[in-house]
Amino acid sequence: MLKIEKLTKTFHKGTINEKQAIRGVSLHLAPGDFVTVIGGNGAGKSTLLNLISGTLMADSGSILLDGVELSQLPEHIRARFLGRVFQDPMMGTAADMGIEENLAMALRRGKQRGLGWGITAAEREDYRGRLAALGLGLEDRMKSKVGLLSGGQRQALTLLMATLQKPKLLLLDEHTAALDPKTAAKVLELTGEMVARDHLTTLMVTHNMRDAIRMGNRLIMMHEGQVIVDVAGEKKLGLHVPDLLAMFEKASGGEFANDRMLLS
């Protein structure tokens, strides 16, 4: 499904601020893998997602998604294959447009458009059912502007938009970090349901170690632009936070001893 080979990215080359953000990362995901990605600040987690999505272009290496080489494609072309939810609930939606209009845009992303009614009656009924499944009452507010929604409602809508076309790869970049604990738990619950229902191959970046252990079937740890630990299946299911801290410290030569606050 997803095959990343020897990916590299360096910022500010040739200056005193030069930083190797991604150092020869190779990562393979099977269809339906739900991989959580953790690591300290500056480990390269979000940079990796930006390289996959085309927000950043890699210096070298390859990114194959279902046999399609993405690394030289612009971001808007890659968007045909990808769904993405950002940390900021204000991103990923058009605040001045209604809920149903945002869903219609998501449904038409990457498709040819012609003359005709903007939203058909059948589409509107479909949106209503999908919104009702979120359990947030948005099915009764379909014409409301998205900018009037709470952060949690907006993030749930963005998640629905990102999965509306069943993308080949779903990218979740700390998508609950800006929410209060109760709302974050609800959005994570919806995430698990949507990923399982549509068997979506998923990469989820998080700083929350408990969420990283609980969600998905596989967990990778990043440090200084490299994948230093990769655990899956029964081994992942048996992990606890102290185990994860110990694995970090061992794999990074003890450097995480002073970085625990970033990995809580």
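What counts, and at which threshold
- Position labels on residues start from 1 in each chain and follow its written sequence.
- Two thresholds apply to this predicted model, a pLDDT of at least 70 for residue-level local features and 80 or more for giving and counting side-chain atom pairs, whereas whole-chain, interface and lining totals are computed over all residues.
- Calculated side-chain values reflect all of the structure's heavy atoms, with hydrogen atoms and water omitted.
- Only runs of H or I of at least four residues qualify as helices and only runs of E of at least two qualify as strands under DSSP, and these elements are numbered from the N terminus.
- For this measure, only C-alpha atoms enter the radius of gyration; the expected value for a globule follows 2.2 Å times N^0.38, where N is the number of residues.
- Contact between two residues is taken to exist if any of their heavy atoms lie within 4.5 Å; hydrogens are not considered.
- Burial classification: accessible surface area is computed with a 1.4 Å probe over protein chains only, and a residue below 20% of its type maximum counts as buried, one above 50% as exposed, and the rest as partly exposed.
- Criterion used throughout: strands pair if DSSP finds at least two bridges between them.
- By the criterion used throughout, a crossover qualifies as right-handed when its path from the first strand across the helix to the second strand runs clockwise, the strands pointing away from the viewer.
- Between Lys or Arg on one side and Asp or Glu on the other, a salt bridge is scored when a side-chain nitrogen of the former is within 4 Å of a carboxyl oxygen of the latter.
- Residue types Ala, Val, Leu, Ile, Met, Phe, Trp, Tyr and Cys, when buried and joined through side-chain atoms within 4.5 Å, form a set referred to as a nonpolar core.
- Between the N-to-C directions of two axes lies an angle of 0 to 180 degrees, each axis being a line fitted to C-alpha atoms and, for a helix, fitted only over the stretch in contact.
- Here a cavity denotes grid points, spaced 1 Å and computed from the protein atoms alone, that fit a 1.4 Å probe unable to get out, and a pocket denotes an open set having protein on both sides within 12 Å along at least 5 of 7 lines; residues with an atom within 4 Å of a point are the lining.
- Grid points are joined across faces, edges and corners, and a volume is the space filled by probe spheres set on the points.
- Note on residue categories: nonpolar means Ala, Val, Leu, Ile, Met, Phe, Trp, Tyr, Cys or Pro, charged means Asp, Glu, Lys or Arg, and polar means any other residue, Gly included.

1. Points about the overall build of the protein
The helix and strand inventory of the protein stands at 9 helices and 10 strands. Its C-alpha radius of gyration of 19 Å places the protein within 12% of the 18 Å reference for a compact globule of 264 residues. Each of the three principal axes of the protein carries a C-alpha extent, and together these read 60 × 40 × 35 Å. Within the protein, residue pairs in contact and separated by at least 24 positions form 68% of the contacts whose partners lie at least 6 positions apart.

2. Regarding the pairing of strand β7 (residues 169-173)
Of all 5 residues in β7, 5 are buried; the element is thus mostly enclosed. What you see with β7 is no split at all: Leu169, Leu171 and Asp173 on one side and Leu170 and Leu172 on the other are buried throughout. Sheet topology note: the strand β6 (residues 82-85)/β7 ladder contains 4 bridges and is parallel. In the strand pairing of β7, glycine 83 is matched with leucine 170. Two strands pair when backbone bridges link them, and β7 and strand β8 (residues 202-205) are joined in this way by 4 bridges, in the parallel orientation. When the sheet's bridge partners are listed, aspartate 173 is paired in β8 with valine 205. For the crossover that starts at β7, traverses helix α6 (residues 181-198) and ends in the parallel β8, the hand is right-handed.

3. Description of the pattern of salt bridges
Within this structure, the stated rule accounts for 13 salt bridges. Ionic pairing is found between arginine 214 and aspartate 211, a salt bridge with its closest N-O pair at 3.3 Å. Of this pair, arginine 214 and aspartate 211 both sit in helix α7 (residues 209-214), 3 residues apart, which is roughly one turn of the helix. Looking at aspartate 211, the relative accessible area reads 12%, which means it is buried.

4. Some points on the environment of glycine 67
One can find glycine 67 in the loop between β4 (60-65) and β5 (68-69). The exposure class of glycine 67 is exposed, given its relative accessible area of 64%. The spatial distance from the C-alpha of glycine 67 to the C-alpha of leucine 27 is 15 Å, given a sequence separation of 40 residues.

5. What about the nonpolar core?
Counting residues in hydrophobic clusters, the biggest one holds 30 residues, and the most contacted among them are Ile99, Leu103, Tyr127, Leu131, Leu134, Leu157 and Leu160. Secondary structure elements with two or more residues in this core: α3 (99-108), α4 (121-132), α5 (151-163), β7 and α6. Leaving out residues up to four positions away in the same chain, isoleucine 99 has contacts with Leu131, Leu138, Arg141, Met142, Ser144, Val146, Leu149 and Leu157. Formed by 25 residues, the second largest nonpolar core is a distinct cluster that contains Leu29, Leu70, Leu203 and Ile220.

6. Quick look at the sheet that holds strand β3 (residues 34-38)
Reading across the sheet, the 6 strands line up as β6-β7-β8-β3-β9-β10 and stay open at both edges, with mixed pairing between neighbours. A single partner strand is all that each edge strand has here, and the edge strands are β6 and β10 (226-232). The sheet shows a mean angle of 15 degrees between the axes of neighbouring strands, direction not considered. Two elements, β3 and β8, share 4 bridges in a ladder whose sense is parallel. In the strand pairing of β8, valine 35 is matched with leucine 203. Packing against the sheet, α5 makes contact with β6 and β7, and its axis sits at approximately 175 degrees to β6.

7. Details of helix α1 (residues 45-53)
Counting buried residues in α1 gives 8 out of 9 residues, a clear majority hidden from the surface. Within the span of α1, buried status applies to Lys45, Thr47, Leu48, Leu49, Asn50, Leu51, Ile52 and Ser53. Where α1 terminates, the next one or two residues include glycine 54, which has phi positive at roughly 95 degrees.

8. Observations regarding the layout of surface pockets
As a volume, the largest pocket reaches approximately 390 Å³. Listing elements by their share of the lining of the largest pocket, those giving two or more residues are α2 (75-78), β6, α3 and α5. Of the residues that constitute the lining of the largest pocket, the class distribution is 8 nonpolar, 8 polar and 4 charged.

9. A closer look at the sheet that holds β4
Overall, antiparallel pairing links the 4 strands, which are arranged β2-β1-β4-β5 in an open sheet. This sheet does not close on itself; its edge strands, each paired only once, are β2 (19-29) and β5. Relative to β5, β4 runs antiparallel, the two being bridged by 2 bridges. In the sheet register, leucine 65 faces β5, and the bridge partner there is valine 68. Packing against the sheet, α1 makes contact with β1 (2-11), β2 and β4, and its axis sits at approximately 115 degrees to β1.

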